[in-house]
Amino acid sequence: MIQLQEFSRRRLRRVRAVFTDIDDTLTTGGCLTAEAYTAMSDLQAAGVDVVPVTGRPAGWCDLIARLWPVRGVVGENGAFYFQYDRALKRMNRFYADAERLRADKREKLAAIGKIIVSEVPGSAISADQQYRETDLAIDFAEDVSRLSDAAISRIVKFFKSGGATAKVSSIHVNGWIGQYDKLTMTRIFVVDCLNKDLEKHNDEFVFIGDSPNDAPMFEFFNNSVGVANVQTLKGRLSNKPKYVTRSEGGAGFAEVARALIGSRS
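Below, the structure is looked at part by part. (Residues numbered from 1 in each chain as written. Predicted model: local features only at pLDDT ≥ 70, side-chain atom pairs only at ≥ 80, totals over all residues. Heavy atoms only, no water.)

## Some points on the overall build of the protein chain
Put simply, the rule reads: Secondary structure counts use DSSP, requiring at least four H or I residues in a row for a helix and at least two E residues in a row for a strand, with both numbered from the N terminus. Only C-alpha atoms enter the radius of gyration; for comparison, a globular chain is expected to reach 2.2 Å times N to the power 0.38, where N is the number of residues. Throughout, a contact is declared for two residues whenever any of their heavy atoms are within 4.5 Å. The protein chains shown are the only cover counted for residues, whose accessible areas, like all others here, come from Shrake-Rupley with a 1.4 Å probe.
Looking only at helices and strands, the protein chain features 8 helices and 15 strands. Radius of gyration (C-alpha) of the protein chain: 18 Å, near the 18 Å computed for a compact globule of 265 residues. The principal-axis extents of the C-alpha atoms in the protein chain amount to approximately 55 × 40 × 35 Å. Considering only contacts within the protein chain whose residues lie at least 6 apart along the sequence, 59% involve residues at least 24 apart. Here the protein chain displays about 11,600 Å² of accessible surface, and carbon together with sulfur accounts for 50% of that area.

## Regarding empty space enclosed by the protein
Heads up, the rule is: Here the term cavity refers to a set of points on a 1 Å grid, laid over the protein atoms alone, in which a 1.4 Å probe fits but cannot get out; the term pocket refers to an open set having protein on both sides within 12 Å along at least five of seven lines, with lining residues being those that place an atom within 4 Å of a point. Grid points are joined across faces, edges and corners, and a volume is the space filled by probe spheres set on the points. Any residue that is not Ala, Val, Leu, Ile, Met, Phe, Trp, Tyr, Cys, Pro, Asp, Glu, Lys or Arg is counted as polar, Gly included; the first ten are nonpolar and the last four charged.
Overall, the coordinates contain 2 cavities of 30 Å³ or more when judged by the stated rule. By volume, the largest cavity amounts to about 90 Å³. Taken together, 16 residues form the lining of the largest cavity, with Asp21, Asp23, Thr54, Gly55 and Ser169 sitting closest to its centre. Taken together, the residues of the lining of the largest cavity sort by class into 2 nonpolar, 8 polar and 6 charged. Its volume calculated, the second largest cavity comes out at about 40 Å³. Tallied by class, residues from the lining of the second largest cavity come to 2 nonpolar, 2 polar and 3 charged.

## Quick notes on helix 4 (residues 99-119)
Using the following cut-off: Expected span of a helix, by definition, is 1.5 Å for each gap between consecutive residues, and there is one gap fewer than residues. Working definition: with a 1.4 Å probe on protein chains only, accessible area under 20% of the residue-type maximum means buried, over 50% means exposed, and in between means partly exposed. Each direction from the helix axis to a C-beta atom contributes to the arc, which is the arc of those directions.
For helix 4, with 21 residues, the first-to-last C-alpha span of 30 Å sits near the 30 Å given by 1.5 Å per residue. Among all positions in helix 4, only Arg102, Lys105, Leu109, Ile112, Gly113 and Ile116 are buried. Looking down the long axis of helix 4, one finds its buried residues gathered within 115 degrees of arc, a one-sided arrangement. Away from its buried face, by an angle of more than 90 degrees, helix 4 presents the exposed residues Arg100, Glu107, Lys108, Lys114 and Ser118. Elements that come into contact with the buried residues of helix 4 comprise strand 8 (90-95), strand 9 (124-125), strand 10 (136-139), helix 5 (149-161) and strand 12 (172-176).

## Description of the pairing of strand 10
What counts is decided by this rule: One requirement defines pairing of two strands: DSSP has to find at least two bridges between them.
Judged by which residues are buried, strand 10 turns out to be covered on both faces: Leu136 and Ile138 on one side and Ala137 and Asp139 on the other are all buried. Pairing of strand 9 with strand 10, which is carried by 2 bridges, proceeds in the antiparallel orientation. Looking at strand 10, one finds that Ile125 is bridged to Ile138. Sheet topology places strand 10 next to strand 12; 4 bridges connect them, and they run antiparallel. Considered in strand 12, the bridge of Ala137 is made with Asn174.

As structure tokens, then:
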């Protein structure tokens, strides 16, 4: 991974939007800091769109799309995007699956969840589960004592044996039934909301993340950035970001924002 300061000003000036993970990328110690929020606002003022791409639930994403200085949000690891039209005061929602199919899948995931919490001591259904529409989040570090890598691997195994996709974030294992991920829904968002083709305009975007479920994004984006804490997960990343910040979490995000804004002066 190359230090962020090696990201050339010429390349930085081409960037028109930033896609970013939330947990431990925008947040620090579980909190959205004033520094990170201000960095999002500053990017927006500089004409650079910000789009969180997260495993967090639909309920949170509705608030984020409405209240944060963002262009939209991709949630539940690519199950949907929400984009709030402030002029029309209307929330645009796009889902990978129709409502009836989502309901059927929720029942199957609930059964898998019961098996996981009974077979993996210390694991728990995530506290934000009641706000989710498409996936099941198993907490291994947020509101429980952090589980071992072996226990996390067992959670993933139970998801897969139940026919679900499983991805590990910095705090949860998220499981869902379907082939979508963060990247597939980001592609759709870019076409629908930014009127761009992600393949043709790859250099106009940056992705910032920190965890194993960001690997498809790290691999795809030419301008992929890991906040410094990504280096603690080197052995669990199938694909690494091209650049890395000096600072961790939200301070690392702000570091990228300053570089982008500074390239325009």
